Amino acid sequence: MRKGMFALAAVGLLATGSIAACGDNDDSDTGSGSGTSATGKVGVILPDTKSSARWATADVKYLKAAFDAAGVTADIQNAQGDKTQFQTIADGMISSGVKVLVIVNLDSGTGKAVLDKAKAAGIATIDYDRLTLNGGADYYVSFDNVKVGELQGQGLVDCLTANKAVKPVVAELNGSPTDNNATLFAQGYNSVLDPKYADGTFVKGPNQDVPDWDNAQAGTIFEQMLTSNKSIKGVLAANDGLGNAAISVLKKNKLNGQVPVTGQDATVQGLQNILAGDQCMTVYKAIKKEADAASELAIAIAKGQKPTSATGKVTDPESKKDVASVLLTPQSITKANVKDVVADGFVTKDELCTADFAKACTEAGIS
Ligand code: BGC
């Protein structure tokens, strides 16, 4: 007992000592003029709550948990898809003296404006999930997004092959044209699909970007695609929200389950669509790992330390400059391994296995 208390006290002393030492580091100047050993604040701006369920249910939760565990104050806000609001939130965080700003941009132009202001105020910057083109953030944390697209392309190929589809017409519902990730996803899935179009195994059907990843707009776009091209036999949808929009239209036409649809994010809705047989696959990105990687960098900076974990690099295609990066590995999910997402704690059995899906859950080995 006594020994335990002593150990705890010693850890406490050590911790205090290391913070004080860090406070002496010149790199840690917050611009607030305090010049003391205080740990700085972190600001995080998430993009919206509609383009994917992840921003409302996953990222905010894992980021908050990581900052809380480190005892670092974090102001985490969501711009609700509004670019003006995004700037206003950033201005507020900058003037409140954050030491690190973490952003998921709504587009590269408005993202860059925020990064520029932060830099001018001596604030360190982290691009979270989406690279801000020509933005010059200090760090970038994301997944291997080309790989995400490759998994989607291969998933669709596997489902069409299992369906024994002959020269299927494939429609593509791409993400937002202003999201660099959407470009990378498309690069990935087209690297798989283009050779199939070229050798005549698949037929290239309609292909459209969905502005701002707007799910409602995706429904309208896909409805038009299907009206003008009744023989669509496969849909490459860039995330679960776009996939669900396509599935809703397919349902109206009694085609759900016959036309494989892809997705991304392993949302509860996407996983349920997979269990129901309406969605062919999704891509699971362990958001906890992404949030942990970003907060690890932010926490180090907030404590005046030089982060060491961003060992990779990504070249910004516009500025041609390298950005120190952490890129994580995505995983393909089909009915056969939906249970992995539950086992990883990303969704719970209760959320997923509601009455309509109870039987499918049992069949999928989720118990
Ligand atoms: C993210 C995806 C998300 C999409 C829409 C992308 O930048 O990587 O996970 O589905 O934005 O929010």
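The structure presented is a predicted model; accordingly, all values stated were derived computationally and were not measured.

Novice: How would you sum up the site of the ligand? Please name residues and give values.
Specialist: Taken together, 14 residues form the shell around the ligand, and within it S51, D129, R130, D179 and D265 come nearest. D179 places a polar side-chain atom, nitrogen or oxygen, 2.6 Å from an oxygen atom of the ligand. Relative to its free-state accessible area of 310 Å², the ligand is covered by the protein chains to the extent of 100%. Partitioning the shell around the ligand into residue classes produces three nonpolar, five polar and six charged. Looking at which domains feed residues into the shell around the ligand, each of domain 1 (29–142 + 286–328) and domain 2 (145–284 + 331–363) supplies at least three.

Novice: Which residues make up the nonpolar core, and what are the values?
Specialist: Within the largest apolar cluster, 49 residues are counted, with the highest numbers of intra-cluster contacts made by V42, Y128, F346 and L352. Per-element accounting of this core gives the leading share, nine residues, to helix α10 (residues 287–302). In this structure, L156, F185, L236 and V261 belong to the second largest nonpolar core, which totals 41 residues.

Novice: I'd love a proper account of the packing of aromatic side chains, names of residues and values included.
Specialist: Summed over all chains, the structure comprises two aromatic pairs. Centre to centre, the rings of F185 and W213 are 6.1 Å apart; their planes meet at 65 degrees, and the pair counts as edge-to-face. Placement of the pair is F185 in helix α6 (residues 180–198) and W213 in the loop between β7 (203–209) and α7 (215–228), with a sequence separation of 28 residues. With 5.1 Å between their ring centres and 50 degrees between their planes, Y284 and F346 make a pair best called tilted. Here Y284 is found in strand β9 (residues 282–284), whereas its partner F346 is found in the loop between α11 (338–343) and α12 (349–352), with 62 residues between them in sequence. Given a relative accessible area of 6%, Y284 falls into the buried group. In this structure, R54 is placed above the aromatic ring of W55, and the distance from its NZ or CZ to the ring centre is 3.9 Å.

Novice: Please provide a residue-by-residue account of the state of the cysteines, values included.
Specialist: Here the structure, examined in full by the defined rule, presents two disulfides. A sulfur-sulfur separation of 2.2 Å characterises the disulfide bridge that pairs C159 with C280. Between C159 and C280, the disulfide has an S-S torsion of 90 degrees and is therefore right-handed. On the criterion of sequence distance, the pair formed by C159 in helix α5 (residues 145–162) and C280 in the loop between α9 (268–275) and β9 is long-range, its members being 121 residues apart. Its relative accessible area of 18% is what places C159 among the buried residues. Judged by relative accessible area, which is 9%, C280 ranks as buried.

Novice: Quick rundown of the sheet that holds strand β3 (residues 100–103)? Include the residues and the values.
Specialist: The strand order across the open sheet formed by seven strands is β2-β1-β3-β4-β5-β11-β10, and the pairing between neighbours is mixed. Each end of this open sheet is capped by a strand with a single partner; those strands are β2 (74–78) and β10 (312–315). Neighbour-to-neighbour, the strand axes of the sheet open up by a mean angle of 25 degrees, direction not taken into account. In this sheet, β3 lies alongside strand β1 (residues 42–46) in parallel orientation, the contact comprising four bridges. Bridge pairing links V42 to V100 in β3.

Parameters at a glance
- Residues numbered from 1 in each chain as written.
- Predicted model: local features only at pLDDT ≥ 70, side-chain atom pairs only at ≥ 80, totals over all residues.
- Heavy atoms only, no water.
- Near = heavy atom within 4 Å.
- Polar contact = N/O pair within 3.5 Å; in protein donor to acceptor, adjacent residues only side chain to side chain.
- Areas by Shrake-Rupley, 256 points an atom, 1.4 Å probe, with all protein chains shown as cover.
- Nonpolar A, V, L, I, M, F, W, Y, C, P; charged D, E, K, R; others polar.
- Domains from an automatic or database assignment.
- Core = buried A, V, L, I, M, F, W, Y, C linked by side-chain atoms within 4.5 Å.
- Buried < 20%, exposed > 50% of the residue type's maximum accessible area, 1.4 Å probe, protein only.
- Helix = DSSP H or I, 4+ residues; strand = E, 2+ residues; numbered from the N terminus.
- Phe/Tyr/Trp six-rings, centres within 6.5 Å; stacked < 30°, edge-to-face > 60°.
- Lys NZ or Arg CZ within 6 Å of the ring centre and 35° of its normal.
- Disulfide = S-S within 2.5 Å.
- Pairing = 2+ DSSP bridges.
- Axes fitted to C-alpha atoms, helices over the stretch in contact; angles between N-to-C directions.

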